[in-house]
Amino acid sequence: MEKTKERHDHPMKVRQARGDRAFGLLNTALLTLFCLFVLFPLVHMLAVSFSGGYHVLRGEVTFWPKGMTLYTYRSLLSDNSIPHAYWNTIRYTFLGTALAIFMTSICAYPLSRPKFFGRKFFSFLAIFTMLFNVGMVANFMVVYSLGLKNTIYAILFPTAINVYNMVIMRTFFQGIPEEIYESANLDGANDLRTFFQIILPISKPVIASIVLFYAVGKWNEFMPALLYMDNKKDYPMQMILRNIVLSSQATDTSTDSALVGQSLKYAAIFITIAPILAVYPFLQKFFTKGIMIGSLKG
Amino acid sequence: MVKAPVSPARRRKWVKHLIDSKWLLLMFFLPLVYFIVFKYGAMTWLIIAFKKFSAVKGIWRSRWIGTKYFEQFLGDAYFWKLVRNTVVMNLYLIVFSFPVPIFLALLINEHRVKYFRKTVQTISYIPYFVSTVAVCGLITTMLSSDGMITNVIRALTGSSKAYLTDPKAFRVIYIVSEIWSTAGWGSIIYLASLAGIDPGLYEAAQIDGASRWKQILHISLPGIASVISIQLLLTIGRMLDIGYEKILLLYSGSTYETADVVSTYLYRRSILTADYSYGCAISLFQGVMSLLLVSAANKAAKQIGETSLW
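What counts, and where the lines are drawn
- Residues numbered from 1 in each chain as written.
- Chains lettered and ligands numbered in written order.
- Predicted model: local features only at pLDDT ≥ 70, side-chain atom pairs only at ≥ 80, totals over all residues.
- Helix = DSSP H or I, 4+ residues; strand = E, 2+ residues; numbered from the N terminus.
- Buried ≥ 20, exposed ≤ 12 C-beta atoms within 10 Å, placed from the backbone.
- Contact = placed C-beta atoms within 7 Å.
- Rg over C-alpha atoms; globule rule 2.2 N^0.38 Å.
- Domains from an automatic or database assignment.
- Nonpolar A, V, L, I, M, F, W, Y, C, P; charged D, E, K, R; others polar.
- Axes fitted to C-alpha atoms, helices over the stretch in contact; angles between N-to-C directions.
- Parallel < 35°, antiparallel > 145°, perpendicular 65-115°, else oblique.
- Core = buried A, V, L, I, M, F, W, Y, C linked by C-beta atoms within 7 Å.

1. Thoughts on the overall build of chain A
Stage number 1. Along chain A, the regular secondary structure elements total 14 helices and 0 strands.
Stage number 2. Taking all 298 residues of chain A together, the buried fraction comes to 39%.
Stage number 3. Within chain A, contacts between residues at least 6 apart in sequence are counted, and of these 71% link residues at least 24 apart.

In structure tokens, the structure reads:
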């Protein structure tokens, strides 16, 4: 992608220079506006979450905190339920991602091998589940009838393979030159060894992408917990956030709660999304790479 | 399948093929169990759409009831409201939200300063990582009676309303937040396809004296036209799954009028009231309609781009 990026940087004819400069300025302006649109709620959130309740109530805080305080964060973290929910989220994300990447790769690999017996049939079996969405009630009934409700398995198992991610991986495996498989075969390695010792190590980029997709998905999801977890002690952070942010909507009448209300909500939101926002810039290329591999198919 | 007896040679080949893939079959065992239990197992549960499900009797011994639940759902006047809301919301999305990532990609692609491009990309992808719950939290807090946006509107116009409970405002809120969340991330795919356009085309156009604007119109846009149409078809194909998580978090009794869609209705009327048979009937309806839409979209995509969605 980067190679072709410099293509416009050729010497231009003088006649065009004026119109092009106007175009360039307009372009910069529009993109800057878009970035401000994206950043505005986030910066506002940060500013309010660090501000004193009095200033927030008077509507004085926009993009810079006033009456700087850590009160909201302290009160959030002193409530035991939040560190506990945080721990749940970490647990679900870690175990869920580990299980999902394992299941997805052992599903994608056989489906990528031309010699796999019943490849067409099994591929259809997998892809069809992506095309036909059974809906939340049927999924709920499966979890319920297997007795998984209110256990961690209800969060981990039903989403162990995301077919879309599986297809991305399969596409990547298919792009590996056939000679590698042949030479492994000549060396007497069976399919299992070939997969674990040769294919997996050279597939690090795609695995990194898929791991990140799963991890972000797990960190951010709330529906499984809403459907399958009845006890507050099993709630992940997103569920707690949902209760903090949405429950007070109707009851936000007393001045006292309004005084801290906004700052507290913003602080809770920030705590929830902060870890991902903190690591994202460093991992950005893996995310975009995953999308690219996904779009190359066909 | 075939009447003629299978020749020994063919059978031997068949068995050899099977033995050759024994390790692959072993590997595929767990995924297969997963699909059978969690995906096809769930499909089996859809049978209760035709039964009066009772938890005591279970899936098989519950009494058959025919298409009663379908008639109930499709015959309800409320059904048409759900269809209308789903279609209108999708139309709004296609008109207002769908083009944004395309514009964004074109603008980023045309910008000459590499660091600026990189920065814009990094910033515009951020919202994708903000969870639905957090996005809805930002929306409800900024639009609350003492929220930032409400304050700004009050300062500008002298009056303000409770926007979250206003059915007229719901679609605007939904679409704007959808643009915020998805525009940057959606532009990646267009950027990738813009990068694939032959640079020689731009050089030739420059020699012919085409302005930057003309280059976008006659080279960039046609170059990504097939990707645009495939994305559009995908959007249409997924129409019925429209962000129910977000609507579920944002809507309230006073905004059902414009906000309620099939999936939110399904959650309210089935999970919350434990009316599972009715829920499965709605799911089945929704699933079949989606399948038809996606298949039609795929057929159309094949015609346009000579490429299939799957």
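There's plenty left to go through after this.
2. A short note on the overall build of chain B
Stage number 1. The secondary structure content of chain B amounts to 16 helices and 2 strands.
Stage number 2. In terms of overall size, chain B is more extended than a compact globule, its C-alpha atoms giving a radius of gyration of 26 Å where 310 residues would be expected to give roughly 19 Å.
Stage number 3. In terms of principal-axis extent, the alpha carbons of chain B reach across some 70 × 60 × 35 Å.
Stage number 4. Taking all 310 residues of chain B together, 39% fall into the buried category.
Stage number 5. Across chain B, the fraction of contacts at a sequence separation of at least 24, relative to all contacts at a separation of at least 6, is 65%.

3. Observations regarding the domain arrangement of chain A
Residue and element names in this part refer to chain A.
Stage number 1. Assigned domains of chain A: these are domain 1 (3-78 + 252-296) and domain 2 (81-233).
Stage number 2. The gap between the C-alpha centroids of domain 1 and domain 2 is 32 Å.
Stage number 3. Put simply, the parts of the chain that give the side of domain 1 that touches domain 2 at least two residues each are α3 (71-78) and α14 (255-296).
Stage number 4. Counting residues per element, the side of domain 1 that touches domain 2 draws most heavily on α14, which supplies 9 residues.

4. Topic: the domain arrangement of chain B
All names here are of chain B.
Stage number 1. Taken domain by domain, chain B holds domain 1 (8-64) and domain 2 (68-305).
Stage number 2. Taken together, the contacts link 7 residues of domain 1 with 7 residues of domain 2.
Stage number 3. For the side of domain 1 that touches domain 2, a count of residues per class yields 5 nonpolar, no polar and 2 charged.

5. Description of the interface of chain B and chain A
Stage number 1. Residue-level contacts link 82 residues of chain B with 89 residues of chain A.
Stage number 2. Across the side of chain B that touches chain A, the residue classes break down as 47 nonpolar, 25 polar and 10 charged.

6. Concerning the packing of helix α8 (residues 163-174) of chain A against helix α11 (residues 204-220) of chain A
Residue and element names in this part refer to chain A.
Stage number 1. Running from N to C, α8 and α11 point in directions that differ by 175°, and their axes come no closer than 10 Å. As judged from the angle between their axes, α8 and α11 are roughly antiparallel. Together, Asn165, Ile168, Met169 and Phe172 of α8 and Val206, Ile210, Phe213 and Tyr214 of α11 make up the contact between the two elements.
Stage number 2. Among the residues making up the contact of α8 with α11, the classes are represented as 7 nonpolar, 1 polar and no charged.

7. Considerations on the nonpolar core
Stage number 1. Counting residues in each nonpolar core, the largest one holds 154 residues, and the members touching the most others are Cys107, Ala138, Leu241 and Ile269 of chain A together with Cys280 and Ala281 of chain B.
Stage number 2. Ranked by residues supplied to this core, first place goes to helix α10 (residues 167-195) of chain B with 11 residues.
Stage number 3. Leave out the neighbours within four places in its chain, and Leu241 of chain A touches Ala268, Ile269 and Thr272 of chain A together with Val133, Ala134 and Gly137 of chain B.

8. Brief notes about the environment of Arg170 of chain A
Residue and element names in this part refer to chain A.
Stage number 1. Among the structural elements, Arg170 can be located in helix α8.
Stage number 2. With 24 C-beta atoms packed within 10 Å, Arg170 lands in the buried category.
Stage number 3. Measuring from C-alpha to C-alpha, the distance between Arg170 and Cys107 comes to 8.5 Å, with 63 residues separating the pair along the chain.
Stage number 4. The contacts of Arg170, once residues within four sequence positions are left out, are Ala108, Leu111 and Ser112.

9. Observations regarding unusual backbone geometry
Stage number 1. Residue Asn150 of chain A is not a glycine yet carries a positive backbone phi of 65°.
Stage number 2. Tracing the backbone through its elements, the reader meets Asn150 of chain A in the loop between α6 (136-145) and α7 (152-156).
Stage number 3. Here Ala274 of chain B, not a glycine, exhibits a phi torsion of approximately 55°, which is positive.
Stage number 4. Of note, Ala274 of chain B is situated in the loop between α15 (262-271) and α16 (276-305).
Stage number 5. For Ala274 of chain B, a count of 9 C-beta atoms within 10 Å puts it in the exposed group.

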